[in-house]
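These are the residues of each chain, in order.
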Amino acid sequence: MTVSAIAQAAAEASTGSVTAFPANETARVPRDTRPLRLITCGSVDDGKSTLIGRLLWDTKAVKEDQAATLRRDSGKQNDLGLPDFALLLDGLQAEREQGITIDVAYRYFATDKRSFIVADTPGHEQYTRNMATGASTADLAVLLVDARTGLLEQTRRHATIASLMGIKQFVLAVNKFDLVGYDRARFDQISHEFRELALSLGVRQITAIPMSALKGENVVYDGKASMPWYDGQTLVEVLELATVRSAQTVGFRLPVQRVSRPGESFRGYQGTVAGGSVKPGDSVVILPSGMVANVTKIVTFDLVRNAAVAGDAITLVLDRQVDVSRGDMIVSLESKPQTGLAFDAQLVALQSDGIQPGKRYWLKSGSRRQRVTVEPSSQLDLKSGKWSHHTETLAMNAIGKVHLAFDEQAVFDAYEQNRTTGAFILIDPDTNNTVAGGMITAKRSSLSGIHTEDSRVLLSLPADLADQLMATELFSARREEADIRRISAGKAAEVLDGIDG
Amino acid sequence: MPSTLPETELHNPQTTKTPLDPHLKALENEAIHIFREVAAEFDKPVMLYSVGKDSSVLLHLARKAFYPGRVPFPLLHVNTGWKFSEMIAFRDETVKKYDLDFIEHINPRGTAENVTPFSHGSALFTDIMKTEGLRQALDAGGFDAAFGGARRDEEASRAKERIYSFRTPEHRWDPRAQRPELWNIYNGMIRKGESVRAFPLSNWTEVDIWRYIQVEDIPLVPLYYAKERPYVERDGMMILAEDPRLELLPGEKVQHGSIRFRTLGDFPLTGAIPSQATNLEEVIAELEIATVSERQGRAIDRDQSGSMEKKKREGYF
Ligand SMILES: Nc1nc2c(ncn2[C@@H]2O[C@H](COP(=O)(O)OP(=O)(O)O)[C@@H](O)[C@H]2O)c(=O)[nH]1
Ligand SMILES: [Mg+2]
């Protein structure tokens, strides 16, 4: 995009005009990278749907007939005379009637640099499960807050779920900035507060942006006209530079989806590589049986390949007749996942019945489905960010720690290490509904393990030091074990004086 | 046991075609994963095949997913009796070329009650011949999973749909009570009579489809390419005038021009666009400057916002 185009667009944005629709603007076809998956989250009415609508509009992903429908459906427009961009997203009748988002909508747009899949998630607490759905596959979360109200409990809840689901990149959109007179102090205050929250969750990549989703300021085009003091990135600039997660650096994993036997002479194991890479000649283990074999061929429709990496859908041929069936995992000999009958996990309860202690559920992970008994052990208090000492059930939308006990050997990686082989869903055998999304934290060595959740170390540190420490890799990996309190240097001196007598 | 590839490999073109870029590769991998998962989890899957470009991509991906084996489920074409003749010719050729199991279903009410798009109007016609026809065919075959080529970027209610879209025994979709779908772990547990519609192309856009067709060299019905063709203008649509059942209304006359179709369906309900794009490169070039969405040519979605959701609740794809 040329500088003059940006200037023109910025001028349009600031006068609130969207009628100039460049008819011959080339739809962008970038695609030298994989698409970035992101979610928008935040409380009701913070402007999530409006923001995505604006992203689609300003990247020319909205076609003319859709724009016309939008203008027609917008009915009474807002004060600025702009269409209601949220209607591009809220596609269900119930959503339009109630003016809210009920379910996740997936949308697609692209810039010159890359393409994006964005999930617009609902803000209402009762639809938290749909937010978790959107978060499970996202590489980045855009958290919106209304500049007038600042952080809400729902912001904390969503930030927590997003980080739990393994999202490591946050963008804070301080939205509706036009309604607080573009007040810089307000921006600094909210972004500071958010930074603390994100750091406490172990998220270290945080970008805060003052924004008006409605007017399109700092979304695709900059907001210099209204906020000359802000010289940071626009949202799209951040998104273009964000990283797409990849599981290529860990050990090879192939959950077997099906065995292909088109004729007597061919037997191949079909699945999507869930971690690492593989090449002919590699030694592999089949889990849970533990049998060892060597890879002879990687077959795909196009050609017989000499390597496959995480994400590739392949057919693997082994050098000997081994017993492999759907649900087994073929893994590298050198770096194996954990195999066992008991694991610890964190999960989000998604249905109104919650999670019942001792109930036998179906657990599905990769291509494997097996019976499991679930014992909740503690629940996260979303207001304080602290885990309870004990809990027996988990209600809908609760985040909890659980113990999983299996009848047959289960195979997992920790979710931190592998987002595919460490993730699972629980299915209620009575309703067949998906009742939880879970993440493996560790293997349990014995079924009657001692609860160690209470033994957290408390540290009180000056604010700047606390921030630095919380931002380290080491702390984020062990944040279960320590609580950090941020206190001012003066306060610290007082405490020390007290101790010294 | 040293494995050798079966004969089919010999027929597989080991061409030096351009490799897929990471974006299309990711979409292809995801679609193959979904195909394999459904084929493994369900007793009796079927693939809805509408002969259009999305169906052509879907079929290509299915062949890739199960290679070197055959596609392990039949294709189902819910015909209305009003398709473009070139579609039917292409369909029959494709079924033969790839050795596919194929089922065609036409709702018998069509001929019995003489249901036509002209006499019944597009909405009722679609309801009877497509929605009801589909239900009949799925029930008759006892299918518990049906692949479809729908994409989330097509329409606002589609954007909300899961990859495994649960249907009641009456084939109803309840958009307010969809199962959460986390990661790429799909819940395929259903009771007898219930079914799932599975959408491997959910995350593809129209541009992705065209670029994939180009890179993979996927054959399409020639109607997608511009050619001098006869047409009449009706309700602001350019309707192909070659089927004798199209009766001219007062004031209408057959015109000739270079036209093509962005989407294919029933010829009386599908509008053409004026175009000079006679090959794929030109179609893509036109597409990239197109400012109108592809569904605009379809009478079915234009009635009102939310009309697709309504149809889907009743069992339409
Ligand atoms: N003034 C102003 N209004 C906004 C802005 N963003 C959203 N809104 C309005 O806030 C309301 C809620 O927006 P919506 O996108 O539905 O919020 P959601 O619930 O988070 O999806 C709508 O009336 C929007 O027009 C903004 O940047 N400035
Ligand atoms: Mg919304």
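So, how was this worked out
Residues numbered from 1 in each chain as written. Chains lettered and ligands numbered in written order. Predicted model: local features only at pLDDT ≥ 70, side-chain atom pairs only at ≥ 80, totals over all residues. Heavy atoms only, no water. Helix = DSSP H or I, 4+ residues; strand = E, 2+ residues; numbered from the N terminus. Buried < 20%, exposed > 50% of the residue type's maximum accessible area, 1.4 Å probe, protein only. Areas by Shrake-Rupley, 256 points an atom, 1.4 Å probe, with all protein chains shown as cover. Phe/Tyr/Trp six-rings, centres within 6.5 Å; stacked < 30°, edge-to-face > 60°. Lys NZ or Arg CZ within 6 Å of the ring centre and 35° of its normal. Pairing = 2+ DSSP bridges. Right-handed = clockwise from strand over helix to strand, strands pointing away. Near = heavy atom within 4 Å. Polar contact = N/O pair within 3.5 Å; in protein donor to acceptor, adjacent residues only side chain to side chain. Nonpolar A, V, L, I, M, F, W, Y, C, P; charged D, E, K, R; others polar. Salt bridge = Lys/Arg side-chain N within 4 Å of Asp/Glu carboxyl O. pLDDT = per-residue confidence, 0-100. Contact = heavy atoms within 4.5 Å.

K.L.:
Tell me about the overall build of chain A, and name the residues and values.
P.N.:
Of regular secondary structure, chain A possesses eleven helices and 25 strands. For chain A, with 501 residues in total, the buried portion stands at 56%. Approximately 20100 Å² of chain A is accessible, and the part contributed by carbon and sulfur atoms is 50%.

K.L.:
A description of the packing of aromatic side chains should follow, citing residues and the corresponding values.
P.N.:
Per the stated rule, a full pass over the model turns up 27 aromatic pairs over all chains. Centre to centre, the rings of F35 of chain B and F73 of chain B are 6.1 Å apart; their planes meet at 10 degrees, and the pair counts as stacked. In this pair, F35 of chain B is assigned in helix α2 (residues 22-41) and F73 of chain B in the loop between α3 (53-66) and β2 (75-79), connecting sequence segments 38 residues apart. Looking at F73 of chain B, the relative accessible area reads 2%, which means it is buried. Cluster of aromatic residues (ring-pair linked, three or more members): F177, Y182, F187, W229 and Y230 of chain A. Cation over ring: R371 of chain A sits above W362 of chain A, and NZ or CZ is 4.4 Å from the ring centre.

K.L.:
Describe the pairing of strand β6 (residues 205-210) of chain A, naming the residues involved and giving the relevant values.
P.N.:
All names here are of chain A. Looking at chain direction, strand β5 (residues 169-175) and β6 are connected through six bridges and run parallel. Following the sheet pairing, V174 is matched in β6 by P210. Each parallel crossover has a hand, and the one from β5 via helix α7 (residues 184-200) to β6 is right-handed.

K.L.:
Tell me about the sheet that holds strand β10 (residues 273-274) of chain B, and please be specific about residues and values.
P.N.:
Residue and element names in this part refer to chain B. A sheet is described by the order of its strands in space; here four strands give the open sequence β8-β7-β9-β10, paired in antiparallel fashion. With partners counted over all chains shown, the strands left at the sheet margins are β8 (237-240) and β10, one partner each. As paired strands, strand β9 (residues 255-260) and β10 are joined by two bridges and run antiparallel to one another. If you follow R260 over to β10, its bridge partner there is I273.

K.L.:
Hey, could you go over the site of ligand 1 for me, with residue numbers and the actual values?
P.N.:
Residues and elements named next belong to chain A. In the vicinity of ligand 1, 16 residues are found, and the nearest of them are D45, G47, K48, T50 and D178. Between ligand 1 and S49 there is a distance of 3.0 Å, counted from an oxygen atom to a backbone nitrogen or oxygen. In the model, an oxygen atom of ligand 1 is placed 3.0 Å from a nitrogen or oxygen of the K176 side chain. Relative to its free-state accessible area of 580 Å², ligand 1 is covered by the protein chains to the extent of 83%. Of the residues belonging to the shell around ligand 1, the class tally is five nonpolar, six polar and five charged.

K.L.:
Can you explain the pattern of salt bridges? Please cite residues and give values.
P.N.:
With the rule as written, the count across this model stands at 42 salt bridges over all chains. The salt bridge partner of R37 of chain A is E30 of chain B, with a shortest N-O separation of 3.2 Å. Taken together, the positions of R37 of chain A in strand β1 (residues 36-42) and E30 of chain B in helix α2 put the pair across two chains. The exposure class of E30 of chain B is buried, given its relative accessible area of 16%. Each of D302 of chain A together with K25, E28, K64 and E216 of chain B takes part in one network of salt bridges that share partners.

K.L.:
Break down the environment of T472 of chain A for me, with residues and values.
P.N.:
Residues and elements named next belong to chain A. For T472, the location among the structural elements is in the loop between α9 (463-470) and α10 (473-477). What makes T472 partly exposed here is its relative accessible area of 29%. The spacing of T472 and R204 is 268 residues in sequence and 8.0 Å in space, taken between C-alpha atoms.

K.L.:
Describe the confidence of the model for chain B, naming the residues involved and giving the relevant values.
P.N.:
All names here are of chain B. Counting all residues, the mean pLDDT for chain B is 87, and 85% of those residues have values of 70 or more. Mean pLDDT values over the elements of chain B span from 38, in helix α1 (residues 8-11), up to 98, in strand β1 (residues 45-48). Segment residues 1-15 is flagged for pLDDT under 50; beyond a separation of four residues in sequence, or across chains, it makes 33 contacts in the model. Below a pLDDT of 50 lies the segment residues 299-305, which in the model reaches 20 contacts outside its immediate sequence neighbourhood of four places, other chains included. Reported confidence for the predicted complex is 0.86 by ipTM and 0.84 by pTM.

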